[in-house]
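Working through the structure, step by step
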Amino acid sequence: MRRTLLFIPGNNAGNIQNAGLFGADAIIFDLEDAVSPMQKDSALNLVCNALTMLNYECEKIVRINLENAKNDILALSKTKINSILIPKAENVEEIKELIKYTKNLNPKIEILLLIETPLGLLNTKELAFLNGVSAICFGAEDYTSEIGARRSESGVEIDFARNYLLNVCKAAKIDAIDTPYTNINDENGLIADTTYIKNLGFDGKLVISPRHIDTIHNCFKPSQKEIIWANQVLNAIKEAELKKSGVISLNGKMIDAPIVNRAKKILKEIL
């Protein structure tokens, strides 16, 4: 599951060492925005050493630098990395080349893309279907700056981007990961934002503070009402199979494949 993907600055040795203790589903060691140009090389070495020597019981992702992508990928390919996050993804041919380069070095590495520009959003339709891409993430701060929008609590200015990215990801059958909630101290705002994107259909959320992890996980847990409904659906299926009945209904409503899939997904999220 990729409910929470926590950014860890690639130049912070203490946070890197303790990254696995925060309980996130995935850790993103950041070599890009979190690291000054003068520290890029030392941060890459620090992250590579950590991914070689330390054991993290979660998905291990590194956000590389696009302008120095192949150098970063080459060094990381020799470690116990799981995935690479490519920032500012927008040029389809460039991303194809980077995926091919990565897979030639280490076929097990998965590719995540970060959409941060209007052009990147428009090209998501092609990017999502590239072989090797397992998730697309949304970066709202850079995106809204590019389009000249002002960020708001409601998030109305990013509704189109969220919905477009989400639908493309679902069509491609890959994970859709939402933008971080940037107000670290606003618990109610985080709950409202996470509940909203969960109900839209997002699979998870980028995270910039460890304090947000438990709250987001709780938001992604099914409610008791949802669990009861899901169990009722699967019990109705079993009962119909025993009776060899071709018509399955629950509380007067027909049960078809999409309903069954939704019920199974809810019960899976309990784990």
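Refer to the structure printed above.
Before going into details, it helps to say that this report is about the structure given with it. (Residues numbered from 1 in each chain as written. Predicted model: local features only at pLDDT ≥ 70, side-chain atom pairs only at ≥ 80, totals over all residues. Heavy atoms only, no water.)

Some remarks on the overall build of the chain
- When helices and strands are counted, the chain shows 12 helices and 10 strands.
- Dimensions of the chain, computed from the C-alpha atoms along their principal axes, are close to 70 × 40 × 35 Å.
- Within the chain, the proportion of its 271 residues that are buried is 49%.
- Of all intrachain contacts in the chain linking residues separated by at least 6 positions in sequence, the fraction that spans at least 24 positions is 66%.
- Carbon and sulfur atoms form 52% of the exposed surface of the chain, whose accessible area is close to 13,900 Å².
- The chain carries 32 positive and 34 negative side-chain charges, and their two centres are separated by 8 Å. (Helix = DSSP H or I, 4+ residues; strand = E, 2+ residues; numbered from the N terminus. Buried < 20%, exposed > 50% of the residue type's maximum accessible area, 1.4 Å probe, protein only. Contact = heavy atoms within 4.5 Å. Areas by Shrake-Rupley, 256 points an atom, 1.4 Å probe, with all protein chains shown as cover. Lys, Arg positive; Asp, Glu negative; His and termini not counted. Charge placed at Lys NZ, Arg CZ, Asp CG, Glu CD.)

A word on the layout of surface pockets
- Taken as a whole, the largest pocket holds about 750 Å³ of empty space.
- Taken together, 22 residues make up the lining of the largest pocket; nearest its centre are Phe202, Asp203, Lys265, Ile266 and Glu269.
- Taken together, the elements giving at least two residues each to the lining of the largest pocket come down to helix 9 (187-200), helix 11 (224-242) and helix 12 (257-268).
- In terms of residues, the lining of the largest pocket owes the most to one element, helix 12, which gives four residues.
- When its residues are assigned to classes, the lining of the largest pocket shows six nonpolar, three polar and 13 charged.
- If you go around the second largest pocket, you meet 18 residues; those closest to its centre are Phe7, Asp33, Arg63, Pro180 and Ile208.
- Those elements that place two or more of their residues in the lining of the second largest pocket are strand 1 (4-9) and helix 7 (140-147).
- Residue composition of the lining of the second largest pocket, by class: nine nonpolar, three polar and six charged. (1 Å grid on protein atoms, 1.4 Å probe; cavity = no way out; pocket = protein on both sides within 12 Å on 5 of 7 lines; lining within 4 Å. Points joined across faces, edges and corners; volume = space filled by probe spheres on them. Nonpolar A, V, L, I, M, F, W, Y, C, P; charged D, E, K, R; others polar.)

Describing the side chain of Lys205
- Tracing the backbone through its elements, the reader meets Lys205 in strand 8 (residues 204-207).
- The class for Lys205 is buried, based on a relative accessible area of 0%.
- A distance of 2.7 Å separates the side chain of Lys205 from the backbone oxygen of Thr179, its partner in a polar contact. (Polar contact = N/O pair within 3.5 Å; in protein donor to acceptor, adjacent residues only side chain to side chain.)

A look at the pairing of strand 2 (residues 26-30)
- Burial within strand 2 is extensive, with five of its five residues counted as buried.
- Here strand 2 shows two buried faces, one formed by Ala26, Ile28 and Asp30 and the other by Ile27 and Phe29.
- Bridge analysis of strand 1 against strand 2 gives five bridges, and the strand direction is parallel. The partner of Pro9 across the bridge, within strand 2, is Asp30.
- Between the parallel elements strand 1 and strand 2, the chain passes through helix 1 (residues 13-18) in a crossover that is right-handed.
- Sheet analysis places strand 2 next to strand 3 (residues 59-63), joined by five bridges and oriented parallel. The residue bridging Ile28 from the neighbouring strand is Ile61, located in strand 3.
- Handedness of the strand 2-helix 2 (residues 40-53)-strand 3 crossover: right-handed. (Pairing = 2+ DSSP bridges. Right-handed = clockwise from strand over helix to strand, strands pointing away.)

Section: the pattern of salt bridges
- Enumeration according to the criterion identifies 19 salt bridges in this entry.
- Residue Glu110 is joined to Arg2 by a salt bridge in which the shortest nitrogen-to-oxygen separation is 3.0 Å. Residue Glu110 is found in strand 5 (residues 110-115), and its partner Arg2 is found in the segment before strand 1; the two are separated by 108 residues along the sequence.
- Exposure remark for Arg2: the relative accessible area of 9% places this residue in the buried category.
- Connected via shared salt-bridge partners are Asp30, Glu32, Asp33, Arg63, Lys88 and Asp142. (Salt bridge = Lys/Arg side-chain N within 4 Å of Asp/Glu carboxyl O.)

As for the packing of helix 9 against helix 10 (residues 213-220)
- Packing of helix 9 against helix 10 leaves a shortest axis separation of 9 Å and a crossing angle of 40°. Taken together, the axes of helix 9 and helix 10 lie oblique to each other. Considering the relative orientation of helix 9 and helix 10, their crossing is right-handed. Across the interface between the two elements, Glu187, Leu190, Ile191, Thr194, Thr195, Ile197 and Lys198 of helix 9 pack against Thr215, Ile216, Cys219 and Phe220 of helix 10. (Axes fitted to C-alpha atoms, helices over the stretch in contact; angles between N-to-C directions. Parallel < 35°, antiparallel > 145°, perpendicular 65-115°, else oblique. Left-handed = near helix turned anticlockwise from the far one by under 90°.)

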